[in-house]
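# Fold and contact review
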Amino acid sequence: MIESYRQAEDSELISASIAGDKLAFGEIMERYRRMVARTVKGMLGDSVYAEDIGQEVFIKLYNSLSDFRGEAKLSTYIQKIAINLTLNEIKRRKRFFSMFSQKGNSEMHEFEIADIETEDKRDAKELVNKALMSLEPKFRIVVAMRMLQGYSTKETAEILELPMGTVLSRLSRAQEQLKEILKNL
Amino acid sequence: MEPAELKNLIIGSLDEKADTGAISKKIEEAGASFDFSDSFSEKVAARIFNAPDAVIREIEFVKSMRFVFNRVALTGVAAIILLLISLFLAEGSFSLNSFLGIGNTYDEGIVYLLTGN
């Protein structure tokens, strides 16, 4: 039974989910949770807050499944929801911190990486987290799409709904910034 | 993976012609993999599929509150009308002084107490 869900096409799982099939939606979550985690945790840091936003992504997806027309891939559709919710969260945090902090540009960076098996892997994750969090959100998102999701420039532009030129210029500026940041890490 | 190698991969992933798929895989293998907790899917499912019960409970609560408000509001309006009538019968007007229960007569004693003159 579960095997049939694993072999099903996304479109079949969507139809079944709309009809109320919980297992079908569970399979969609299993397929895309890591992709969502890379975007959300890449942008917000590896924290419990990112977990909450991840949940919101799938709840929003479930509530909007009937609006999904299949013109784009389901992964693209989910990715866009994840990016929108993550950017909203970053804005919300900025507003919150600007009320209580003089700097106004603070973000909450909490890493929960103690459960990683080896010290090398823990260090690697910490390095990637710190590098990402040192960037402004508009640069961070293009870096996350490339470095964590492995998207090409064209795919990044499509998902972020930005012109190719803008993505290329952000990548170039992010690369310059990262060179400086990584020197000190 | 050595930190220097990882740093080169991170920077290299942003090159225009980079093989981003291969680089992201290497970065993930180095330890920078992201996933949610084991109970993630269960939590999402609970929030989605238990939501109707919560909504129904909320609607019931709002209905009850509205019923209580209507009862309290009607009783309150009746009490205010009675108060106004009794006030008018006792004082003969709706002036501020009659609301506050202060007589219209000028009390020199109060002035003396406040100013000493």
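Parameters at a glance
- Residue positions within a chain follow its written sequence, with the count starting from 1.
- Chain letters and ligand numbers both follow the written order, the letters beginning at A and the numbers at 1.
- At least 70 in pLDDT is required for a residue's local features to be given in this predicted model, at least 80 for side-chain atom pairs to be given and counted, and no such filter applies to totals for whole chains, interfaces and linings, which use all residues.
- Note that water and hydrogens are dropped before the side-chain values are worked out from all heavy atoms of the structure.
- Starting at the N terminus, helices and strands are each numbered in turn, a helix being any DSSP run of H or I of at least four residues and a strand any DSSP run of E of at least two.
- Relative accessibility decides the category of a residue: with a 1.4 Å probe and only protein chains considered, values under 20% of the type maximum give buried, values over 50% give exposed, and everything between is partly exposed.
- A contact between two residues is defined here by any heavy atoms of the two lying within 4.5 Å.
- Using the Shrake-Rupley algorithm and a 1.4 Å probe, accessible areas are obtained, with residue cover drawn only from the displayed protein chains.
- Only residues whose relative accessible area exceeds 30% and that form no salt bridge are eligible for patches; like-charged ones are grouped when within 9 Å, while nonpolar side chains (Val, Leu, Ile, Met, Phe, Trp, Tyr) are grouped when within 5 Å.
- Note on definitions: salt bridges are taken to be side-chain nitrogens of Lys or Arg within 4 Å of carboxyl oxygens of Asp or Glu.
- The arc in question is formed by the directions pointing from the helix axis toward the C-beta atoms.
- Note on terms: buried area is the combined drop in 1.4 Å-probe accessible area of two parts once they are placed together, counting the loss on both.
- What qualifies as a polar contact is a pair of N or O atoms within 3.5 Å, subject to a donor-acceptor requirement within protein and to the restriction that residues adjacent in sequence count only when both atoms come from side chains.
- Note on scores: pLDDT gives the predictor's confidence for each residue, bounded by 0 and 100.
- Between N-to-C directions, angles span 0 to 180 degrees; the directions come from axes that are lines fitted to C-alpha atoms, helices contributing only their stretch in contact.
- Orientation categories follow fixed angle ranges, with anything under 35 degrees roughly parallel, anything over 145 roughly antiparallel, 65 to 115 roughly perpendicular, and all other angles oblique.
- Each residue is assigned to one of three groups, with Ala, Val, Leu, Ile, Met, Phe, Trp, Tyr, Cys and Pro labelled nonpolar, Asp, Glu, Lys and Arg labelled charged, and all others, Gly among them, labelled polar.
- Within this scheme the basic residues Lys and Arg register as positive and the acidic residues Asp and Glu register as negative, but His and the chain ends are omitted.
- Charge coordinates come from a single atom per side chain, which is NZ of Lys, CZ of Arg, CG of Asp or CD of Glu.

Before going further, it helps to examine the overall build of chain A. Looking only at helices and strands, chain A has 9 helices and 0 strands in total. Ordered by position in the sequence, the α and β elements of chain A form the string α-α-α-α-α-α-α-α-α. Put simply, chain A has 185 residues, and 50% of those count as buried. Sequence separation of at least 24 residues holds for 58% of the intrachain contacts in chain A that already meet a minimum separation of 6. Looking at chain A as shown, the accessible area adds up to about 9,400 Å², and 48% of this sits on carbon and sulfur atoms.

Here the focus is a nonpolar patch on the surface. Residue and element names in this part refer to chain B. Together, F88, F94, L96, F99, L100 and I102 give the surface a local cluster of nonpolar side chains, amounting to about 640 Å² of exposed area. Counting residues per element, the nonpolar patch draws most heavily on helix α5 (residues 96–100), at 3 residues. Within the fold, F94 resides in the loop between α4 (51–91) and α5. The partly exposed category is assigned to F94, whose relative accessible area is 46%.

With that settled, consider the pattern of salt bridges. If you walk through the whole model with that rule in mind, you get 16 salt bridges over all chains. The partner of E126 of chain A in a salt bridge is K130 of chain A, and the shortest N-O contact between them spans 3.3 Å. Of this pair, E126 of chain A and K130 of chain A are both found in helix α6 (residues 119–133), 4 residues apart, which corresponds to roughly one turn of the helix. The partly exposed category is assigned to E126 of chain A, whose relative accessible area is 28%. By relative accessible area, K130 of chain A is classed as partly exposed at 34%. Across the pair E176 of chain A and K179 of chain A runs a salt bridge whose closest N-O atoms are separated by 3.8 Å. With a gap of 3 residues between them, E176 of chain A and K179 of chain A both fall in helix α9 (residues 164–183), about one helical turn apart. Through salt bridges with shared partners, a single ionic network connects E30, R33, R34 and R38 of chain A together with E28 and D35 of chain B.

Moving on, we get to helix α3 (residues 40–49) of chain B. For α3 of chain B, every residue scored as buried is listed here: F40, S41, V44, I48 and F49 of chain B. Mapping the buried residues of α3 of chain B onto a view down its axis gives an arc of 135°, with all of them on the same face.

Our focus in this paragraph is the interface of chain B and chain A. Contacts between the two partners involve 33 residues from chain B and, on the opposite side, 45 residues from chain A. Buried surface at the junction of chain B and chain A, summed over both partners, amounts to about 3,700 Å²; 64% is from carbon and sulfur atoms. The three residues of chain B that bury the most area against chain A are L14, F34 and F36 of chain B, which together make up 23% of that side's buried surface. The interface formed by chain B and chain A includes 5 salt bridges. Here R34 of chain A and D35 of chain B are joined by a salt bridge, their closest N and O atoms 3.7 Å apart. Linking chain B with chain A are 17 residue pairs in polar contact (both at pLDDT 80 or more), by the criterion used here.

This part is about the side chain of S64 of chain A. Residues and elements named next belong to chain A. Structurally, S64 can be placed in the loop between α4 (48–63) and α5 (74–100). Look at S64 and you get buried, because its relative accessible area is 12%. Filtering out sequence-adjacent residues up to four positions away, S64 remains in contact with Y77 and I81.

In this section: unusual backbone geometry. In this structure, E161 of chain A is a non-glycine residue whose phi angle is positive, near 55°. Summarising the element assignment, E161 of chain A is placed in the loop between α8 (153–160) and α9.

So, on to the confidence of the model for chain B. When pLDDT is averaged along chain B, the result is 83; 90% of the residues meet or exceed 70. Predicted confidence in chain B is weakest over helix α6 (residues 108–115) of chain B, with a mean pLDDT of 75, and strongest over α3 of chain B, with 91.

Next up on the list: the packing of α6 of chain A against helix α2 (residues 20–30) of chain B. Two numbers describe how α6 of chain A lies on α2 of chain B: the axes approach to 8 Å, and their chain directions differ by 130°. Judged by the inter-axis angle, α6 of chain A sits oblique to α2 of chain B. Across the interface between the two elements, D120, K121, A124 and V128 of chain A of α6 of chain A pack against I27, E29 and A30 of chain B of α2 of chain B. Looking at the contact of α6 of chain A with α2 of chain B residue by residue, the classes come out as 4 nonpolar, no polar and 3 charged.

What follows deals with the environment of R140 of chain A. Residue and element names in this part refer to chain A. Relative to the helices and strands, R140 resides in helix α7 (residues 137–148). Classification of R140 as buried rests on a relative accessible area of 0%. When the C-alpha positions of R140 and R170 are compared, they lie 9.2 Å apart, and in sequence the two are 30 residues distant. Among the polar contacts listed, one links the side chain of R140 to the backbone oxygen of M43, at a separation of 2.4 Å. Polar side-chain contacts of R140 include one of 3.1 Å to the backbone oxygen of L132.

Attention shifts here to a negative patch on the surface. There is a patch of like negative charges on the surface, built from E119, D120 and D123 of chain A together with E2 and E5 of chain B. Sort the elements by how many residues they give to the negative patch and α6 of chain A lands first, with 3 residues. Given the relative accessible area of 52%, D120 of chain A is considered exposed.

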